[in-house]
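# Fold and geometry: a report
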Amino acid sequence: MRHVTPAQLRHATYHRLTHGVYMVGQPTTHGQKIRAAHLVLPGSAVFIGRSALWALGVRVADPTDRVEVFLPATERVRHRDLLHVSSEAPRHDEVTRTPLGVATTAVRTAFDLARLEDPLIAVPLLDALVQATGVRREHVTAVIANHPRVRWLSRIDPTLDLVDPGAESVRESRLRTILVRAGLPRPVTQLKIFNAAGQFVARVDLAWPELKVAVEYDGAHHDDPAQIARDRARINALRAAGWTVLVIDRKQLARPADVVGLVHRVLMDAAARS
């Protein structure tokens, strides 16, 4: 951090994060926003939600997300365009000190995400949190006894039902959540597939082993000819092993009804053949 003149701040290279806090260029990580928030927050602030995830080492928040923080009702912070402020107080045993500041513990963070976010948002975040920290369902539900009057407690169990630590990306988790919430059978995550000779073929994102149907999320756009060749060889090997493979990309995921319809038809066709 350094002081600059008003004339320098008018230059296009500086981006305003909040009143009195600027940086060169746009933020590229949520962590940069957390560090900026430290400059305007009182010492009583506690990072919650996505910001707590980041502070705990689960780096799934988007650079565009506001910094989520708890502040006591007695504290006032002006110019909150950088911040999303909550007045729901965590207990003393529900906070921990991290390299980025005080944040809710993994268990309290999971408790908050499960009740305050839509499942399509919460489940991918919880998948990543469970995978990184090992927090268990019984730990999360135990927190309910300490907060019997907070909002949306009834959302916790249905959301936790959808969590699967096997997921390896936020969008893969979102894809699985869309399919399960639409009523499709729950898939196995990260299934290793072998051919009839017992040779390893591939590990797939989502699978229905009894039907030999797999769904892969493709978040990358491979322009490298060698990578394209490897991807095609992998799909061909899965098909040769008797598997039907669907590949869903980001554009398709933006049309969830179409994705659900496609996967449903493929599963029905596979069931009819079995």
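Quick note: structure is the one above.
All of the points below concern the structure found in this document. Owing to the predicted nature of the structure, the values given are computational and were not obtained by experimental measurement.

### Remarks on the environment of I248
- Within the secondary structure, I248 is located in strand β11 (residues 244-249).
- Separated by 11 residues in the primary sequence, I248 and V259 place their C-alpha atoms 7.8 Å from one another.
- Ignoring sequence-local partners within four residues, the contact set of I248 consists of L175, V215, E216, Y217, D218, L253, V259 and L262.

### A few points about the pattern of salt bridges
- Following the criterion strictly, the structure yields 17 salt bridges and no others.
- Among the salt bridges present, the one from E88 reaches R115, with a minimum N-O distance of 2.4 Å. In this pair, E88 is assigned in the loop between β5 (83-86) and β6 (95-98) and R115 in helix α4 (residues 106-116), connecting sequence segments 27 residues apart. Residue E88 shares its accessibility class with R115, and that shared class is buried.
- Here R108 makes a salt bridge to D112, at a shortest N to O gap of 3.0 Å. Within this pair, R108 and its partner D112 are both found in helix α4, separated by 4 residues, close to a single helical turn. Like D112, R108 is buried.
- One network of salt bridges, in which partners are shared, links E88, E94, R108, D112, R115 and R151.

### Describing the side chain of E88
- A polar side-chain atom of E88 sits 2.4 Å from a polar atom in the side chain of R115.
- A polar contact is formed between the side chain of E88 and the side chain of R151, at a distance of 3.2 Å.
- Setting aside its immediate chain neighbours within four residues, E88 contacts F70, R108, R115 and R151.

### A few points about α4
- In terms of burial, α4 is largely enclosed, as 9 of its 11 residues are buried.
- Every buried residue belonging to α4 is among A106, R108, T109, A110, F111, D112, L113, A114 and R115, and all of these are buried.
- In the core, the buried residues of α4 are packed alongside α3 (49-55), β7 (101-104), α5 (119-133), α6 (137-142) and α7 (156-161).

Rules and cut-offs
- Residues numbered from 1 in each chain as written.
- Predicted model: local features only at pLDDT ≥ 70, side-chain atom pairs only at ≥ 80, totals over all residues.
- Heavy atoms only, no water.
- Helix = DSSP H or I, 4+ residues; strand = E, 2+ residues; numbered from the N terminus.
- Contact = heavy atoms within 4.5 Å.
- Salt bridge = Lys/Arg side-chain N within 4 Å of Asp/Glu carboxyl O.
- Buried < 20%, exposed > 50% of the residue type's maximum accessible area, 1.4 Å probe, protein only.
- Polar contact = N/O pair within 3.5 Å; in protein donor to acceptor, adjacent residues only side chain to side chain.

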